[in-house]
Amino acid sequence: MDTEQDSYMTEETLIETVENQIADGEPRKVKETLMRLVMTGTPREEAIEWMACALAIEVSDVMQNNASFNQVRYAQHLDALPNLDWMED
């Protein structure tokens, strides 16, 4: 990873971004995912960390491939939580 990508990919930055998405209600899927995970017994902090992993995939793709953020794929990864098998791909 280069320095610019490192600054976007810190755990703290990703978690802060997820928290901001929840507060803003955009994308809606983020808040829905948090509610679903917490209602099924996942501690909030752990749920946020998992969601940050889903976000990291999209940020990485944007940075590495000069791509656009893929909202559909981000939503699919959020839907797959708490299963993190997709992170091995």
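Look a little higher up for the structure.
Computed from a predicted model, the values in this text were never measured in an experiment.

Engineer: Give me the environment of Glu-19: which residues, what numbers.
Structural biologist: Structurally, Glu-19 is set in helix 2 (residues 11-24). Since its relative accessible area comes to 27%, Glu-19 is described here as partly exposed. The sequence separation of Glu-19 and Val-30 amounts to 11 residues, and the corresponding C-alpha distance is 9.1 Å.

Engineer: Tell me what's going on with helix 5 (residues 71-80), and back it up with residues and numbers.
Structural biologist: Those residues of helix 5 that fall on the buried side of the exposure criterion are Tyr-74, Ala-75, His-77 and Leu-78. Buried positions in helix 5, seen along its axis, are confined to an arc of 160° and lie on one side of it. Where helix 5 is buried, its residues meet helix 2, helix 3 (28-39) and helix 4 (44-65). At the N-terminal boundary of helix 5, the capping side chain belongs to Asn-70, with an oxygen 3.1 Å from the backbone nitrogen of Val-72.

Engineer: Account for a negative patch on the surface, naming residues and giving values.
Structural biologist: Judged by side-chain charge, Glu-11, Glu-12, Glu-16, Glu-45, Glu-46 and Glu-49 come together as a negatively charged surface patch. Inspection of the secondary structure puts Glu-11 in helix 2. For Glu-11, a relative accessible area of 52% corresponds to the exposed category.

Engineer: Tell me about the side chain of Thr-42, residues and numbers included.
Structural biologist: Counting through the fold element by element, Thr-42 comes out in the loop between helix 3 and helix 4. Taking the relative accessible area as the measure of exposure, Thr-42 reaches 11% and is therefore buried. Those residues in contact with Thr-42, other than ones at most four positions away along the chain, are Leu-37, Ala-47 and Trp-50.

Calculation criteria
Residues numbered from 1 in each chain as written. Predicted model: local features only at pLDDT ≥ 70, side-chain atom pairs only at ≥ 80, totals over all residues. Heavy atoms only, no water. Helix = DSSP H or I, 4+ residues; strand = E, 2+ residues; numbered from the N terminus. Buried < 20%, exposed > 50% of the residue type's maximum accessible area, 1.4 Å probe, protein only. Arc of directions from axis to C-beta. Contact = heavy atoms within 4.5 Å. Polar contact = N/O pair within 3.5 Å; in protein donor to acceptor, adjacent residues only side chain to side chain. Patch = residues over 30% accessible without salt bridge, like charges linked within 9 Å, V, L, I, M, F, W, Y side chains within 5 Å. Areas by Shrake-Rupley, 256 points an atom, 1.4 Å probe, with all protein chains shown as cover. Salt bridge = Lys/Arg side-chain N within 4 Å of Asp/Glu carboxyl O. Lys, Arg positive; Asp, Glu negative; His and termini not counted. Charge placed at Lys NZ, Arg CZ, Asp CG, Glu CD.

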